[in-house]
Amino acid sequence: MLVTEISIAATPAPATPDPAALAADSEVVGAAVAAAGRGLIDRETVAEVVTLCAVAGEHLLVVGAPGTAKSEAVRRVAGQLGGRYFEYLLGRFTEPNELFGPVDLRGLREGRVEFETAGMLPEAEIAFLDEVFLGSTAVLNTLLGLLNERVFRRGRTVLDSPLRVCVGAANHLPDDPALAAFADRFLARVFVEPVADARLEELLEAGRRRPTAATAGPGGPGGLLAAVDRLAAGARACDLDEVTPLLGTALRRLRAAGVPVSDRRAVRSQKLVAAAAVLDGRSAASARDLWVLPLIAPTADTQALARDILADLVEKAANRSLVHAAEELSRSTAARAERLAHAGTALLAEHRTLPEGRDSRLRLEAALREIDAGFEPADLPAALAVIRAELVAAVAPS
């Protein structure tokens, strides 16, 4: 639909979210993200951070070599969440019309320069732009306005965009300083490496399996954008008072260590913290949510530095919906326990439904070994201890 003017109204104060509804939405979205990440070996973090950014209303940059499943992770999340999805591979000669839509010829005959945006980026709710830094100046300038304001302006066409999150992908960060302002619009960054040698068998096995309907991409059974929007509203109303002093301390440490954090990125980091809180089922943020902060560091090296210098602030960080991302970015024992409990619960549920003749004993034993390697018996969290006992019972000879 073409819109030629914008109505500006006062924004009402965010309503206090209902805790029970918030917890229910975080649970259903967390289950969808887990389904999207199933079979994505070592790419679960990408899927989870896409969802974090959709709730925060921020954009994500994924940097990694070709063939590292960047696009597959985004497609699977889009398929689970539903909504209109747009994907495009940019190149030096990509024309703006390929992303934003062609000129409306009927309007042009009447002397109006308007654009047909149906099915194009301005009307997408989740978007993936591969090789995003290869776009021409005309493409990137138009895209910059769309990412900043969620408004598409070209000719006489002015359209409010429903875009929740745009994921840009690149093989490496740009060297051109002229692209710095554009790159800065992607608040969160995830750096991916090829799957480690130790997990190659898992990768090969996953590659042999056909994608199921639940993880097959934009045509899947999603439809959870309404829940995402409710969580986004909850994030806007999230109480940040308790975490603000800790956040200030963390940002000062990052700057003192040489991690570049502009005032704009410092302010916007609060949106990631709030999104992490509501995806954990809470309406008030705490130290448990500070694991998101390494995402705002601009390079892989500064992200690793951020994890090190914030280690004591994120030692209790965890997230029940984004278990892999919270563990990878915080390296905390709480996040590890959350992820192991999540994995153990899923394995037990699968084990109980396996047809006769199929055995998941090896996977259950592997989960037990990982729990025992990560925790001394006296330090085992209560919830994880329950899962461990169930795993022991499941592998015991009948």
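Everything below is about the structure shown above.
Residues numbered from 1 in each chain as written. Predicted model: local features only at pLDDT ≥ 70, side-chain atom pairs only at ≥ 80, totals over all residues. Heavy atoms only, no water.

**Re the overall build of the chain**
Part 1 of the argument: Counting its regular elements, the chain contains 16 helices and 7 strands.
Part 2 of the argument: For the chain, buried positions account for 49% of its 398 residues.
Part 3 of the argument: A separation of at least 24 residues holds for 75% of the contacts in the chain among residues at least 6 apart in sequence. (Helix = DSSP H or I, 4+ residues; strand = E, 2+ residues; numbered from the N terminus. Buried < 20%, exposed > 50% of the residue type's maximum accessible area, 1.4 Å probe, protein only. Contact = heavy atoms within 4.5 Å.)

**Regarding the nonpolar core**
Part 1 of the argument: In this structure, L52, L60, L272, W291 and L295 are the most contacted members of the largest nonpolar core, which totals 75 residues.
Part 2 of the argument: Excluding its chain neighbours within four sequence positions, the residues that come into contact with L295 are V49, L52, L187, A188, R189, V190, L272, Q303 and L329.
Part 3 of the argument: Grouped together as the second largest cluster of nonpolar side chains are 28 residues, F100, L146, C166 and A170 included. (Core = buried A, V, L, I, M, F, W, Y, C linked by side-chain atoms within 4.5 Å.)

**A look at the pairing of strand 1 (residues 60-63)**
Part 1 of the argument: Neither face of strand 1 is exposed, since L60 and V62 on one face and L61 and V63 on the opposite face are all buried.
Part 2 of the argument: One ladder, built from 4 bridges, connects strand 1 with strand 6 (residues 165-170); its direction is parallel. Residue pairing for strand 6: V62 is matched across the bridge by A169.
Part 3 of the argument: Two strands pair when backbone bridges link them, and strand 1 and strand 7 (residues 188-191) are joined in this way by 4 bridges, in the parallel orientation. (Pairing = 2+ DSSP bridges.)

**Brief notes about the layout of surface pockets**
Remark: the empty space left among the atoms is shown by a probe the size of a water molecule rolled over them.
Part 1 of the argument: Of the voids in this model, the second largest pocket is the one considered here, and its volume is about 330 Å³.
Part 2 of the argument: Taken together, 16 residues line the second largest pocket, and the ones lying closest to its centre are V55, A56, G57, A232 and R236.
Part 3 of the argument: Secondary structure elements with two or more residues in the lining of the second largest pocket: helix 2 (44-56), helix 9 (225-236) and helix 11 (263-279).
Part 4 of the argument: Top element by residues in the lining of the second largest pocket is helix 9. It accounts for 4 residues. (1 Å grid on protein atoms, 1.4 Å probe; cavity = no way out; pocket = protein on both sides within 12 Å on 5 of 7 lines; lining within 4 Å. Points joined across faces, edges and corners; volume = space filled by probe spheres on them.)

**Here we look at the pattern of salt bridges**
Part 1 of the argument: The tally for this structure, following the rule as stated, stands at 26 salt bridges.
Part 2 of the argument: Residue R282 pairs with D289 through a salt bridge whose shortest N-O separation is 2.5 Å.
Part 3 of the argument: On the basis of relative accessible area, D289 is assigned to the buried category, the value being 0%.
Part 4 of the argument: What emerges from the salt-bridge pattern is a single network uniting R84, E123, E125, R164 and D229. (Salt bridge = Lys/Arg side-chain N within 4 Å of Asp/Glu carboxyl O.)

**A few points about the packing of helix 1 (residues 19-37) against helix 2**
Part 1 of the argument: Packing of helix 1 against helix 2 leaves a shortest axis separation of 9 Å and a crossing angle of 145 degrees. Viewed along their axes, helix 1 and helix 2 form a crossing whose handedness is right-handed. Counted together, V29, V33 and G37 of helix 1 and E44, A47, E48 and T51 of helix 2 form the full contact between these two elements. (Axes fitted to C-alpha atoms, helices over the stretch in contact; angles between N-to-C directions. Left-handed = near helix turned anticlockwise from the far one by under 90°.)

**Some points on the environment of K316**
Part 1 of the argument: With respect to the helices and strands, the residue K316 is situated in the loop between helix 12 (300-309) and helix 13 (323-330).
Part 2 of the argument: For the pair K316 and A334, spaced 18 residues apart in sequence, the C-alpha separation works out to 5.5 Å.
Part 3 of the argument: The contact partners of K316, leaving out residues within four places of it in the chain, are R288 and A334.

**Things to note about the side chain of E327**
Part 1 of the argument: Relative to the helices and strands, E327 resides in helix 13.
Part 2 of the argument: Looking at E327, its side chain comes within polar contact range of the side chain of R339, at 2.6 Å.
Part 3 of the argument: For E327, the residues in contact, after removing those within four places along its chain, are S332, A335, R336 and R339. (Polar contact = N/O pair within 3.5 Å; in protein donor to acceptor, adjacent residues only side chain to side chain.)

**Structural notes on the packing of aromatic side chains**
Part 1 of the argument: With the rule as written, the count across this model stands at 4 aromatic pairs.
Part 2 of the argument: Judged by centre distance (6.2 Å) and plane angle (5 degrees), the rings of F86 and Y88 are stacked.
Part 3 of the argument: Residue Y88 is classed as partly exposed on the basis of its relative accessible area, which comes to 25%.
Part 4 of the argument: Ring geometry for F133 against F182: centres 6.1 Å apart, planes inclined by 85 degrees, an arrangement best described as edge-to-face. Of the two residues, F133 is situated in the loop between strand 3 (126-130) and helix 6 (137-149) and F182 in helix 7 (residues 180-183); the sequence distance between them amounts to 49 residues.
Part 5 of the argument: In this structure F182 comes out as buried when scored by relative accessible area, which is 4%.
Part 6 of the argument: Here the aromatic residues F133, F182 and F186 are joined through ring pairs into a cluster of three or more. (Phe/Tyr/Trp six-rings, centres within 6.5 Å; stacked < 30°, edge-to-face > 60°.)

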